[in-house]
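If you want the building blocks of each chain, they are given just below.
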Amino acid sequence: MSDGPRDDGFDDLLDAIADGEGFYIECENGHGSLPPRLSCPQCGSQELGKQGLPESGEISTYTVVTVPTPQFDEDAPYVTAVVDFGPVSVTGQVRGREPDDIETGQVVGIDVGETVTRDERLIVFEPR
Amino acid sequence: MSDPRVAGVGLTHFGKHPEQTGRAMFAEAGLAALDDAGIDPDDVEALFYGNFMGELAEHQGHQAPLMAEAVGLDVPATRYESACASSGAAIRDAVLRLRNEEADVVLVGGSERMTNIGTAAATDALSIAADDLYEIRAGMTFPGAYALMARAYFEKYGGSKNDLAEIAVKNHEHALPNEYAQMQQAITTEDAIDAPIIADPLGLYDSCPITDGATAAVLVSEAYAAEHDLDTGVAITGTGQGGDKMALHDRDYFARTPATEDAADEAYDDAGIGPDAVDFLEVHDCFTIAEVLALEGLGLYEPGEAIGAAGRGETTREGDLPVNLSGGLKSKGHPVGATGVAQLISITKLFEGRHPRANDVDDSTTALAHNAGGTVASATVHVFEEVEQ
């Protein structure tokens, strides 16, 4: 894990996901977004609150990355996916299933894992 | 309102030149543009300069004054950074400056040094056009992001790796006589389909190469061109810019690019034309799928229709709508911050009959340039028209 300062909002969310209490930011008009936010990226509202992140979402799209950045050198090949949780979508890595067995529409849960290369935290999805 | 003219253009060879500094490359391109324009360099009033990864590749920020100095100009200089759309954004502001009659002569351009840091570091540097917290830390790469878009496109509209391969084959063929191109090499669809996968479904030939290079152009007001009897037959008649959410997962669409749509709408409206008027164009094909998304975003094809355009021969040099006659980013190369102006240069040379593919656009009067940043969170579109001198 990085020895640098925390990234408020982002690290708070990862802590919460790791504790099984994932959340997202919701504005007064019901738009979801990921922290940190002072205003809604959809409508600009500054009336924001936290809502619980649904426990599972569906894979919208994914790719198997075989040529990574150096931070993921020993992780490749890995599956990067965008998962739709309803109010928000999240990007992360799908684990626990062979790349050939992954499809769009699959239901996955969210957790926090570590990279193989540098032991850095990242958002991971696991098929339900 | 008068339309700015392209008075002169210059560029370096695009390719692997790891020993060349950004400043040396820009000096070569900028001096060539000034020479091509045949103007007094003292008349240049500002530099609009695009660069993306200078801090990472050359440990050099604040590049614009350095680049003005490199071409012997003592003028205010500003760097534009909009990822791969950096010099498209520079062109736009230069055009607006000229139109507002706050300048008569400006230099636009860009430079990028990339191969000196190696493929892994360049891949890392390119990835920072995405959201660091929520994309890069999940392992998103630049090809990976477009692979996510390609799969979403295939699932929504259909299409295959073979369709993408046809685009690669076309752009490689277009670049064959382009002496400035990084890849003057014909390929087959089999070559493209069988190439190593970078981020499934995108393979090596779906991806633009990593490129060193610089570009520059002298833009002048219509009044200046007339007063100095300049040889300027190409006008920039429309400009538009669009934006979108930075992270792909925050978008409404993965297989459409609203920033391109917005930029195109603005540019068409500005030029007083519609998509039907476009004779040929240079689009931002950092990946084969990006050319598809661009053609649909520009309103030249309905969503889901552009995937087969190259295979049907419509966008080849013999087709009704030649796309990327320069070879595009795919074969010409993509020195990121220089690319927007590279498109301007290709279009200018095609109109002026001094591009090796000029014979393919003999009767053309109207062209488009489309430059996109990241996964099209930034986009610029410019309309070029051949005009009476």
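Parameters at a glance
- Residues numbered from 1 in each chain as written.
- Chains lettered and ligands numbered in written order.
- Predicted model: local features only at pLDDT ≥ 70, side-chain atom pairs only at ≥ 80, totals over all residues.
- Helix = DSSP H or I, 4+ residues; strand = E, 2+ residues; numbered from the N terminus.
- Buried ≥ 20, exposed ≤ 12 C-beta atoms within 10 Å, placed from the backbone.
- Contact = placed C-beta atoms within 7 Å.
- Rg over C-alpha atoms; globule rule 2.2 N^0.38 Å.
- Core = buried A, V, L, I, M, F, W, Y, C linked by C-beta atoms within 7 Å.
- Pairing = 2+ DSSP bridges.
- Expected span 1.5 Å × (residues − 1).
- Nonpolar A, V, L, I, M, F, W, Y, C, P; charged D, E, K, R; others polar.
- Axes fitted to C-alpha atoms, helices over the stretch in contact; angles between N-to-C directions.
- Parallel < 35°, antiparallel > 145°, perpendicular 65-115°, else oblique.
- pLDDT = per-residue confidence, 0-100.
- Left-handed = near helix turned anticlockwise from the far one by under 90°.

## A few points about the overall build of chain B
Here's step 1: Looking only at helices and strands, chain B features 13 helices and 11 strands.
Here's step 2: Seen through its C-alpha atoms, chain B measures out along the principal axes to roughly 55 × 45 × 35 Å.
Here's step 3: For chain B, buried positions account for 66% of its 389 residues.
Here's step 4: Within chain B, contacts between residues separated by at least 24 positions form 78% of all contacts whose residues are at least 6 apart in sequence.

## Focus on the overall build of chain A
Here's step 1: Along chain A, the regular secondary structure elements total one helix and eight strands.
Here's step 2: Start at the N end of chain A and walk to the C end: the helices and strands fall as α-β-β-β-β-β-β-β-β.
Here's step 3: Taking 2.2 N^0.38 as the reference for a compact globule, 128 residues should give roughly 14 Å; the C-alpha atoms of chain A span a radius of gyration of 15 Å, in line with that estimate.
Here's step 4: Structurally, chain A occupies a C-alpha span of about 40 × 35 × 25 Å along its principal axes.

## Some remarks on the nonpolar core
Residue and element names in this part refer to chain B.
Here's step 1: Grouped together as the largest cluster of nonpolar side chains are 169 residues, with contacts concentrated most on V106, V108, M149, A217, V218 and L219.
Here's step 2: Of all the elements, helix α6 (residues 142-157) adds the most residues to this core, at 10 residues.
Here's step 3: In this structure V106 touches V44, E45, A46, F48, A94, R97, L98 and L219, once residues within four positions along its chain are discounted.

## Brief notes about the sheet that holds strand β1 (residues 23-27) of chain A
Residue and element names in this part refer to chain A.
Here's step 1: Strand order across the open sheet formed by three strands is β2-β1-β3, with antiparallel pairing between neighbours. In the strand order of this sheet, the two ends are held by β2 (32-33) and β3 (48-52), each with one partner.
Here's step 2: With two bridges connecting them, β1 and β2 associate as antiparallel partners. Paired with E26 across the bridge in β2 is G32.

## What to know about helix α1 (residues 22-37) of chain B
Residue and element names in this part refer to chain B.
Here's step 1: With 16 residues, α1 extends 22 Å between its outermost C-alpha atoms, agreeing within 8% with the 22 Å of an ideal straight helix rising 1.5 Å per residue.
Here's step 2: All of the buried residues in α1 are G22, M25, F26, A27, E28, A29, G30, A33, L34, D36 and A37.
Here's step 3: Against β1 (5-11), α2 (54-58), α3 (63-70), β4 (105-112) and β7 (213-220) lie the buried residues of α1.
Here's step 4: One or two residues past the end of α1 sits G38, with phi positive at roughly 70°.

## Quick word on the interface of chain A and chain B
Here's step 1: Across the contact, 28 residues belong to chain A and 30 residues belong to chain B.
Here's step 2: For the side of chain A that touches chain B, the secondary structure elements donating two or more residues are β4 (56-65), β5 (78-84), β6 (89-94) and β8 (121-127) of chain A.
Here's step 3: No other element matches the six residues that β4(A) contributes to the side of chain A that touches chain B.
Here's step 4: Its residues assigned to classes, the side of chain A that touches chain B shows 15 nonpolar, 11 polar and two charged.

## Thoughts on the environment of Y80(B)
Here's step 1: Mapped onto the elements, Y80(B) comes out in strand β3 (residues 77-80).
Here's step 2: Considering only alpha carbons, one finds Y80(B) and Q63(B), 17 residues apart in sequence, at a separation of 9.8 Å.

## A word on the packing of helix α7 (residues 161-175) of chain B against helix α11 (residues 288-297) of chain B
Residue and element names in this part refer to chain B.
Here's step 1: As a packed pair, α7 and α11 sit with axes 8 Å apart at the nearest point and diverge in direction by 95°. Classified by the interaxial angle, the pair formed by α7 and α11 is roughly perpendicular. From α7, L164, I167 and A168 reach across to α11, where they touch T288, I289 and E291.

## A look at unusual backbone geometry
Here's step 1: Cis geometry is found at the peptide bond from P35(A) to P36(A), where omega equals 0°.
Here's step 2: Here P36(A) is to be found in the loop between β2 and β3.
Here's step 3: That bond from D200(B) to P201(B) is cis: its omega, 10°, falls within 30 degrees of zero.
Here's step 4: Position of P201(B) relative to the elements: it lies in the loop between β5 (197-199) and β6 (202-203).

## What to know about the pairing of β1(A)
Residues and elements named next belong to chain A.
Here's step 1: Burial analysis of β1 places four of its five residues in the buried class, the great majority of the element.
Here's step 2: As defined by bridge partners, β1 adjoins β3 across five bridges and the pair is classed as antiparallel. Among the inter-strand pairings, F23 is bridged to a residue of β3, identified as G52.
Here's step 3: Adjacent in sequence and paired antiparallel, β1 and β2 are bridged by four residues, among which G30 carries a positive phi angle near 85°.

## Things to note about the confidence of the model for chain B
Here's step 1: Averaged over all residues, the pLDDT of chain B is 97; the fraction at 70 or higher stands at 100%.
Here's step 2: The ipTM value of the predicted complex is 0.97, and its pTM value is 0.97.

## Concerning the environment of E166(B)
Here's step 1: Note on placement: E166(B) falls in helix α7.
Here's step 2: Excluding residues within four positions of it along the chain, E166(B) makes contact with T189(B), A310(B) and G311(B).

## With respect to the environment of L202(B)
Residue and element names in this part refer to chain B.
Here's step 1: For L202, the location among the structural elements is in strand β6.
Here's step 2: Separated by 10 residues in the primary sequence, L202 and A192 have C-alpha atoms spaced 9.6 Å apart.
Here's step 3: Once residues within four sequence positions are removed from consideration, L202 is found in contact with P143, Y146, A147, A150, S207 and F287.

## Notes on the pairing of strand β11 (residues 378-386) of chain B
Residues and elements named next belong to chain B.
Here's step 1: Taken across its nine residues, β11 has eight buried, putting it largely inside the fold.
Here's step 2: Strand direction decides the pairing type here: strand β8 (residues 234-243) and β11, joined by nine bridges, are antiparallel. If you follow Q241 over to β11, its bridge partner there is T380.
Here's step 3: Examined bridge by bridge, strand β10 (residues 366-373) and β11 share eight bridges and lie antiparallel to one another.

## Some points on the packing of α1(B) against α3(B)
Packed helices, taken two at a time, are described by the angle their axes make and the gap between the axes.
All names here are of chain B.
Here's step 1: Running from N to C, α1 and α3 point in directions that differ by 50°, and their axes come no closer than 8 Å. Judged on the interaxial angle alone, α3 and α1 are oblique. When you trace α1 past α3, the crossing you get is right-handed. Residue-level inspection shows G22, R23, F26, A27 and G30 of α1 in contact with α3, the latter providing Q63, L66, M67 and A70.
Here's step 2: For the contact of α1 with α3, the residue count by class is five nonpolar, three polar and one charged.

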